[in-house]
Amino acid sequence: MTIIELTPPAVEPLTLVEIRAHLRLDTEEEDALLSALAIVAREHLERETGLVLAERNFRLCLDDWPADGIVTIPRGPVRVVTAVTVYDGEGEPQAVDLDGHLLDGQARPARLWLRDVPQPGRAMNGIEVELSAGFGESGQDVPETLKRAMLTHVAAMYACRGVVAVEAQPAMVPPGYGRLIAPFCWRGL
């Protein structure tokens, strides 16, 4: 299973106004740095939780259909499945009819069931599921606890900005960060 991000977020969950207020900065001199740190904080949080904070499009590639017929989607919340394509042995795509499909996009992991599915002919990545995932189109849709975790993370990275370059971040996670994100982490056995 491979998941590919097709589009970047249109907006970041944290605005520069929110970050500056949290850091008690009055000037816009370091906005480029703050924007870069906000992206690092979002990406780190998304890796830790499996959540998609800012809505964007993904492609999930599978080798074969699961035995129980339910496709699990490791990123979420899934808002909509836009297309499912199956490739035959010659690499020709065949669109799967989405009528009657069931999507539990809020589950962790999200789950998709399709009524009639053709078998892929390719040995690898013979099935592609196009989807849109994320809490919403703006930072206002992201749970406040997650935004608070990102703000504390940005503050910690900002505090060590002269020691660790943005490209090497996140070099540290602030105290209490794990407790803030723990309810949103998906742990498997």
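Reference entry: report on the structure contained in this document. (Residues numbered from 1 in each chain as written. Predicted model: local features only at pLDDT ≥ 70, side-chain atom pairs only at ≥ 80, totals over all residues. Heavy atoms only, no water.)

## Some points on the overall build of the protein
Line of reasoning, step 1. Check the secondary structure of the protein and you find four helices and eight strands.
Line of reasoning, step 2. Each helix (α) and strand (β) of the protein, taken in turn from the N terminus, gives the series β-α-α-β-β-β-β-β-β-β-α-α.
Line of reasoning, step 3. Judged by the C-alpha coordinates and their principal axes, the protein covers about 60 × 30 × 30 Å.
Line of reasoning, step 4. Counting the 189 residues in the protein, one finds 41% classified as buried.
Line of reasoning, step 5. When the accessible area of the protein is evaluated, it comes to approximately 10,200 Å², of which 52% is carbon and sulfur surface.
Line of reasoning, step 6. Charge-centre separation for the protein: the mean point of 17 positive side chains lies 9 Å from the mean point of 28 negative side chains. (Helix = DSSP H or I, 4+ residues; strand = E, 2+ residues; numbered from the N terminus. Buried < 20%, exposed > 50% of the residue type's maximum accessible area, 1.4 Å probe, protein only. Areas by Shrake-Rupley, 256 points an atom, 1.4 Å probe, with all protein chains shown as cover. Lys, Arg positive; Asp, Glu negative; His and termini not counted. Charge placed at Lys NZ, Arg CZ, Asp CG, Glu CD.)

## A few points about the sheet that holds strand β7 (residues 110-113)
Note: strands within a sheet are paired through backbone hydrogen bonds, in either parallel or antiparallel orientation.
Line of reasoning, step 1. Pairing is antiparallel in the open sheet, where three strands are placed in the order β3-β7-β6. Among the strands making up the open sheet, the edge pair consists of β3 (70-73) and β6 (102-104). Pairwise comparison of adjacent strand axes, ignoring direction, gives a mean angle of 15 degrees for this sheet.
Line of reasoning, step 2. Two elements, β6 and β7, share three bridges in a ladder whose sense is antiparallel. Pairing of leucine 103 across the sheet is with leucine 112, part of β7. (Pairing = 2+ DSSP bridges. Axes fitted to C-alpha atoms, helices over the stretch in contact; angles between N-to-C directions.)

## A look at the side chain of glutamate 130
Line of reasoning, step 1. Tracing the backbone shows glutamate 130 in strand β8 (residues 127-133).
Line of reasoning, step 2. Residues in contact with glutamate 130, not counting those within four places in the same chain, are Leu6, Phe58, Arg59, Val81, Thr82 and Ala83. (Contact = heavy atoms within 4.5 Å.)

## What to know about unusual backbone geometry
Line of reasoning, step 1. In this structure, the amide linkage connecting glycine 76 to the following residue, proline 77, adopts the cis form with an omega of 0 degrees.
Line of reasoning, step 2. The amide bond that connects arginine 108 to the next residue, proline 109, takes the cis arrangement and shows omega of 0 degrees.
Line of reasoning, step 3. A positive phi angle, close to 55 degrees, is found at asparagine 125, a residue other than glycine.
Line of reasoning, step 4. Mapped onto the fold, asparagine 125 is located in the loop between β7 and β8.
Line of reasoning, step 5. Looking at asparagine 125, the relative accessible area reads 26%, which means it is partly exposed.

## Some details on the nonpolar core
Line of reasoning, step 1. Counting residues in hydrophobic clusters, the biggest one holds 22 residues, and the most contacted among them are Ile19, Leu45, Leu53, Leu146 and Ile181.
Line of reasoning, step 2. Of all the secondary structure elements, the ones that give two or more residues to this core are α1 (16-23), α2 (31-49), α3 (144-159) and α4 (177-181).
Line of reasoning, step 3. With seven residues, the single largest contributor to this core is α3.
Line of reasoning, step 4. If sequence neighbours within four positions are ignored, leucine 53 has contacts with Pro13, Arg42, Leu45, Glu46, Gly134, Phe135, Gly136, Val142, Leu146 and Met150. (Core = buried A, V, L, I, M, F, W, Y, C linked by side-chain atoms within 4.5 Å.)

## Some details on the sheet that holds β8
Line of reasoning, step 1. Taken in spatial order, the five strands of this open sheet run β1-β2-β8-β4-β5, and their pairing is antiparallel. Pairing within the sheet leaves two strands with one partner each, and these edge strands are β1 (2-5) and β5 (93-95). The mean inter-strand angle of the sheet, taken between neighbouring strand axes irrespective of direction, is 25 degrees.
Line of reasoning, step 2. Two elements, strand β2 (residues 56-62) and β8, share seven bridges in a ladder whose sense is antiparallel. Bridging from a neighbouring strand, arginine 56 pairs with alanine 133 of β8.

## A word on α2
Line of reasoning, step 1. The end-to-end C-alpha separation of α2 is 27 Å, in line with the 27 Å expected for 19 residues at 1.5 Å each.
Line of reasoning, step 2. Buried within α2 we find Asp31, Leu34, Leu37, Ala38, Val40, Ala41, Arg42, His44, Leu45, Glu46 and Thr49.
Line of reasoning, step 3. Those residues of α2 that are buried lie in contact with α1, β2, α3 and α4.
Line of reasoning, step 4. Immediately beyond the C-terminal end of α2, within one or two residues, lies glycine 50, with a positive phi of roughly 80 degrees. (Expected span 1.5 Å × (residues − 1).)

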